[in-house]
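# Fold and contact review
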Amino acid sequence: VRRQAQIAISIDQSGSVSDALLSAFFSELNGLAKLAEFTIIPFDTEVDPSLVYVWKKGERKVWERVKCGGPTQV
């Protein structure tokens with residue numbers, strides 16, 4: 001039997017989270033993707049189910065801000 005963890009990662013993409021912080025977080029996720037597959041759930045003031053996706057084991061992704069509601073970053 002081969003077991004694989006099912007991991008969900010919710011990413012706050014509201015205006016209070018900087019692009020630099022999101023970029024650093026995605027860099028860490030690229031490293032973790034060598035070991036596991038996970039479901040990414042971006043959100044700001046709400047979750048849009050159409051933006052939820054599965055990050056397959058071994059894939060590399062370029063970060064992208066897909067939500068930006070809530071407080072704005074100055």
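Scroll up to find the structure.
The notes below deal with the structure included here. Residues take numbers from 1 onward in each chain, read along the sequence in its written order. For a predicted model such as this one, the threshold for reporting local features is a pLDDT of at least 70, and the threshold for listing and counting side-chain atom pairs is 80 or more; totals across whole chains, interfaces and linings nevertheless cover every residue. Only heavy atoms go into the side-chain values, all of them from the structure, while hydrogens and water stay out.

## A closer look at the packing of aromatic side chains
Two rings from Phe, Tyr or Trp (for Trp, the six-membered ring) form a pair when their centres sit within 6.5 Å of each other. Planes less than 30 degrees apart are called stacked, planes more than 60 degrees apart edge-to-face, and all others tilted. Applying the stated criterion across every chain, the model contains 2 aromatic pairs. One aromatic cluster in this structure is built from Phe26, Phe38 and Trp55.

## Describing the pairing of strand β1 (residues 7–12)
Any two strands between which DSSP finds at least two bridges are classified as paired. Elements are defined by DSSP. Helices are runs of H or I of four residues or more, strands are runs of E of two residues or more, and each kind is numbered from the N terminus. As paired elements, β1 and strand β2 (residues 38–43) share 6 bridges and run parallel to each other. Within β2, the residue paired with isoleucine 9 across the bridge is isoleucine 40. For a crossover, the right-handed case is the one in which the path from the first strand over the helix to the second runs clockwise, viewed with the strands pointing away from the viewer. In this fold, β1 hands off to helix α1 (residues 19–32), which returns the chain to β2; that crossover is right-handed.

## Thoughts on the pairing of β2
Summarising the sheet, β2 and strand β3 (residues 53–55) pair through 3 bridges and their orientation is antiparallel. Note that in β3 the partner of phenylalanine 38 across the bridge is tryptophan 55.

Keep in mind these numbers describe shape, not what the thing actually does.
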